[in-house]
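Structural features, examined
For reference, the chains in residue letters:
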Amino acid sequence: MASTDQQGAGSCNQELVNPIISMGLQYSGILLTSHILQILLKPLGQASAIVQILAGFLMGPSGFSRIHAVENFFIHSYNSGYYEFMALIFRTIIMFLIGLEMDFPYLMRNIRPASIIACGSSLACTFFATAVTFLVFQETDSQGSSFMMALMIIITLANAASPIVVRVAADLKFGTSETGRLAISSSLIADAYSVFLLFILSEWNSTSVAKWIFFLFLYFIIVGVVIVINMYLANWLNRRNRNKKYLGNTEIFVLVAILYIAAMALEQLGFSSIIASFLIGSMFPRGGKAARTLLIKLTYPIHNFIFPIYFGNHGFRANVTKLKNLRNFMVFSILILSSIGGKIVGTLAACFHLKIPYREGVLLAFMMNLKGHVDMLALTIGLMNDLVLSQNFYDVMIATIIVNTLIWGPIVAYMVRRESDMIGYRQIYFESHNPDTELRILACVHSPRPVATMLGLVAASRGPREVPLTPYLMHLVELPGKKKTNLMYNQREEDELSDEDDYGGNDVVEINDAVDIFTSETGLLVHQIKAVSPFSRMHADVCNTAEDIRASIIILPFHKHQRIDGKLENGKQGIRTTNQKVLRHAPCSVAILIDQGLTAGSLNPSGSDSLQYIAILFFGGPDDREALGFSKRLGMDHHINLTIIRFLPSSSRGKIAGINIAQKTDDVLMEISNDEVEKEADSAVLADFHSRYVVTGQVGYVEKVVENGAETASALRDMAEMYSLFIVGKDGRGHSILTTGMSDWEECPELGKVGDFLASPEFDISGSVLVVQQYRPSKNDEDDDDKQ
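The structure presented is a predicted model; accordingly, all values stated were derived computationally and were not measured. (Residues numbered from 1 in each chain as written. Predicted model: local features only at pLDDT ≥ 70, side-chain atom pairs only at ≥ 80, totals over all residues. Heavy atoms only, no water.)

**Thoughts on the confidence of the model for the chain**
Low-pLDDT portions of the prediction should not be read for the details of their coordinates. In the predicted model, the chain carries a mean pLDDT of 82, and the fraction of residues at 70 or more is 85%. The low-confidence segment residues 1-16, where pLDDT is below 50, has 3 contacts with residues more than four positions distant or belonging to other chains. Across residues 604-608 the pLDDT falls below 50, and counting only partners more than four positions away or on other chains, this stretch makes 9 contacts in the model. (pLDDT = per-residue confidence, 0-100. Contact = heavy atoms within 4.5 Å.)

**Some words on the packing of helix α8 (residues 146-158) against helix α15 (residues 326-354)**
The geometry of α8 relative to α15 is characterised by a closest axis approach of 9 Å and an angle of 55° between their N-to-C directions. On the basis of their axis angle, the class for α8 and α15 is oblique. The element α8 and its partner α15 pack so that their crossing is right-handed. Between α8, through Ile153, Leu157 and Ala158, and α15, the contact on the second element is made entirely by Leu335, Ser338, Ser339 and Lys343. Partitioning the contact of α8 with α15 into residue classes produces 4 nonpolar, 2 polar and 1 charged. (Axes fitted to C-alpha atoms, helices over the stretch in contact; angles between N-to-C directions. Helix = DSSP H or I, 4+ residues; strand = E, 2+ residues; numbered from the N terminus. Parallel < 35°, antiparallel > 145°, perpendicular 65-115°, else oblique. Left-handed = near helix turned anticlockwise from the far one by under 90°. Nonpolar A, V, L, I, M, F, W, Y, C, P; charged D, E, K, R; others polar.)

**Notes on unusual backbone geometry**
Of note in the backbone geometry, Asp141 takes a positive phi value of approximately 55° without being a glycine. Checked against the element boundaries, Asp141 lands in the loop between α7 (111-139) and β1 (143-144). Looking at Asp141, the relative accessible area reads 47%, which means it is partly exposed. Positive phi, close to 60°, is recorded for Arg550, a residue that is not glycine. Tracing the backbone through its elements, the reader meets Arg550 in the loop between α22 (535-549) and β6 (553-557). (Buried < 20%, exposed > 50% of the residue type's maximum accessible area, 1.4 Å probe, protein only.)

**What about the nonpolar core?**
Counting residues in each nonpolar core, the largest one holds 138 residues, and the members touching the most others are Ile93, Met367 and Phe393. Per-element tally for this core: the top contributor is helix α18 (residues 391-418), with 15 residues. Every residue in contact with Ile93, bar those within four places of it in the chain, is listed here: Val256, Leu259, Tyr260, Leu298, Ile302 and Ile306. Counting residues in each nonpolar core, the second largest holds 49 residues, with Met474, Val542, Ile592 and Leu617 among its members. (Core = buried A, V, L, I, M, F, W, Y, C linked by side-chain atoms within 4.5 Å.)

**Some remarks on a nonpolar patch on the surface**
On the surface, a cluster of nonpolar side chains totalling about 350 Å² of accessible area is made up of Phe217, Ile221, Val225 and Ile229. Looking at Phe217, the relative accessible area reads 54%, which means it is exposed. (Patch = residues over 30% accessible without salt bridge, like charges linked within 9 Å, V, L, I, M, F, W, Y side chains within 5 Å. Areas by Shrake-Rupley, 256 points an atom, 1.4 Å probe, with all protein chains shown as cover. Salt bridge = Lys/Arg side-chain N within 4 Å of Asp/Glu carboxyl O.)

**A few points about the packing of aromatic side chains**
Per the stated rule, a full pass over the model turns up 19 aromatic pairs. A ring pair is formed by Tyr310 and Phe311, whose centres lie 5.7 Å apart and whose planes are at 55°; its orientation type is tilted. The buried category is assigned to Phe311, whose relative accessible area is 0%. Ring centres 5.7 Å apart and planes at 70° place the aromatic pair Tyr723 and Phe726 in the edge-to-face group. Across the pair, Phe726 and Tyr723 agree in class, each one buried. Through successive ring pairs, a cluster of aromatic residues spans Phe199, Tyr219, Phe220 and Phe271. (Phe/Tyr/Trp six-rings, centres within 6.5 Å; stacked < 30°, edge-to-face > 60°.)

**Points about the pattern of salt bridges**
All told, the structure shown has 16 salt bridges when counted by the stated rule. Salt-bridge contacts for Asp548 lead to Lys173; the nearest nitrogen and oxygen are separated by 3.5 Å. Within this pair, whereas Asp548 is found in helix α22, its partner Lys173 is found in the loop between α9 (162-171) and α10 (178-203), the two being separated by 375 residues in sequence. Note on Asp548: relative accessible area 35%, which makes it partly exposed. We note a salt bridge from Arg625 to Asp682, for which the minimum N-O separation is 2.7 Å. With Arg625 in helix α25 (residues 622-630) and Asp682 in helix α27 (residues 674-694), this pair connects stretches of sequence that are 57 residues apart. Among the residues examined, Arg625 registers a relative accessible area of 5% and is labelled buried. A single network of salt bridges, built from pairs that share partners, joins Asp103, Glu178, Arg181, Glu438 and Arg440.

Below you can see the structure in the form of structure tokens.
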């Protein structure tokens with residue numbers, strides 16, 4: 001009987017230490033610990049990737065697994081094969097998602113500075129690694145190939161873990177800044193350098209140069225074939241699912257299976273699939289349901305489950321107790337200092353060559369020093385293939401990687417907070433904005449009605465083809481209140497059981513179709529965002545998103561929409577309230593678009609010679625100057641005839657637009673009123689615009705001399721049928737005689753006097769209206785005070 005009990009207990013223990021169960025328990029422990037630490041450390045500004053590595057570190061032999069019972073429960077040597085296979089699965093899908101989310105046009109535009117930074121830091125680390133290899137070989141009592149050890153040390157020091165860099169930049173909210181995007185691009189190129197060395201490391205025994213060349217040729221063939229297959233398959237799936245919001249799970253499984261088949265084939269050839277997965281993701285067709293569905297389906301599980309396990313498993317492998325040995329600690333210190341020295345020296349030298357500011361260069365150097373990706377794979381290959389026979393060496397190297405990242409992660413977070421003036425969200429004033437720089441537009445819609453007009457305005461704002469434009473389309477969906485019901489969950493109707501993906505109804509299909517058609521016709525990739533919230537909090541979603549993506553301007557739809565007879569009909573009051581709150585609290589300039597039939601095709605007629613007429617109504621003031629600055633790009637489109645119509649009081653008759661520079665003397669002190677300052681600013685902006693665009697014939701210029709608001713209204717009525725779009729500033733002209741008495745009452749004060757008149761029923765207009773408000777810093781300051 002006793003023997004039977006012992007056998008039963010033995011079988012139970014054997015079942016408990018089943019490798020899959022053991023791995024699952026370990027992953028569950030890491031996942032739970034990482035989420036707990038995330039709750040505790042996120043308020044302190046720590047990035048999730050660093051917290052996840054710390055969670056694994058605490059769960060591993062450096063933390064709780066030092067307890068004998070925990071060690072026996074979690075750590076089993078025969079699990080290593082399972083861990084490596086799961087790491088391969090995670091690496092492949094992570095790099096694919098990074099490629100899918102990557103701003104590849106930015107990488108191509110900035111390939112030179114990113115390559116210089118990556119090469120500078122990698123080559124400096126290569127030099128440092130080569131210099132310390134002999135010492136490390138001796139002090140760790142290693143046997144085998146010193147050349148293989150040198151390769152592993154070079155990969156460890158030179159590698160910049162792109163998944164960690166991406167997550168740190170995103171969590172610290174500077175991934176869309178110039179510094180953040182440059183760091184991500186540089187880390188990817190540094191990864192490519194490390195992966196190339198990894199190939200040499202794994203295939204060194206294959207001495208045939210012809211075999212190497214053949215394998216490299218096969219590598220590019222496989223990657224190219226998969227990219228082409230994805231291109232045709234994605235387009236076919238988009239057409240096949242024309243009336244659906246997203247692809248089905250089976251279709252997503254097929255796309256992911258193709259990725260994994262290619263990754264496994266490359267791994268069998270001796271290549272790492274890291275760069276291949278990134279290339280396949282970055283070359284995946286962005287427009288259409290396929291890419292949209294992949295982003296939605298992959299983002300949540302990867303960010304919430306795969307990243308914590310993948311990064312946590314790296315931390316789990318570190319064992320700092322091995323550093324109690326003085327010689328091991330000395331080697332560890334040398335490697336840490338070599339990594340820091342190589343990254344700082346190489347990156348700062350590259351930044352000095354590129355004339356990048358010193359503080360930005362230091363932050364880039366610290367970001368490039370984050371590790372835990374290709375380097376861990378290199379050590380795994382070396383350990384499994386016995387390239388270097390020394391367990392001390394591997395223990396010290398893994399401890400170096402993890403401790404290095406745990407040190408520099410918080411330092412990067414501190415630097416980002418400290419250097420917020422350098423990499424923080426910088427508001428753009430269009431009146432002084434250079435139209436040759438990147439423009440980021442956040443266009444918002446509540447329904448499919450204004451989508452075509454919004455996209456047409458986006459296309460018209462493109463300017464010269466070589467100038468980058470990054471448009472975002474945000475679908476704002478009202479979150480309905482909870483319905484009181486006595487029915488149980490299983491008794492409810494099917495349409496009552498929905499999650500966030502279902503909000504928006506069939507509007508989502510229409511909006512997606514419009515975006516897909518626009519992308520195929522113009523070649524502009526529109527990033528789509530959906531926000532589901534009550535109208536009372538919707539403005540916060542808009543403002544937060546604008547800050548996250550560093551939008552240059554927010555374009556909102558008017559709360560009225562056009563009926564079949566051409567009249568404007570009131571929509572939901574919540575839309576108007578949202579617009580008013582966004583105008584008060586927006587972190588950038590805001591425009592409200594009154595849509596009266598303008599379409600994407602009318603503003604940007606692809607392949608057509610038709611000409612669209614747009615008027616800028618200029619009365620003076622900061623908002624009008626902002627509207628004038630925003631319209632610079634519109635005047636560069638050869639399909640658009642842009643005209644500035646400046647309204648002047650009769651007292652200015654005969655005066656030439658420009659700056660009247662008064663003679664200054666040191667003996668005379670003049671008190672200049674705000675009105676005079678504004679007039680001088682108006683004249684300065686107009687004079688600059690006139691010399692740049694009007695004199696060259698790109699933009700037309702007309703002056704209208706009026707006595708009062710009634711004459712202004714009459715002049716506007718005369719030109720009602722002449723233009724397809726009117727652009728005007730909201731306010732800022734003060735109590736001007738040009739607008740006084742234009743209307744007996746203001747129905748929509750959020751549009752300003754002129755905008756309200758153009759949108760009023762008494763003004764029969766065939767064109768749409770864009771009302772622009774310049775960024776109001778004081779409003780944001782008041783909002784911050786209210787929060788405090």
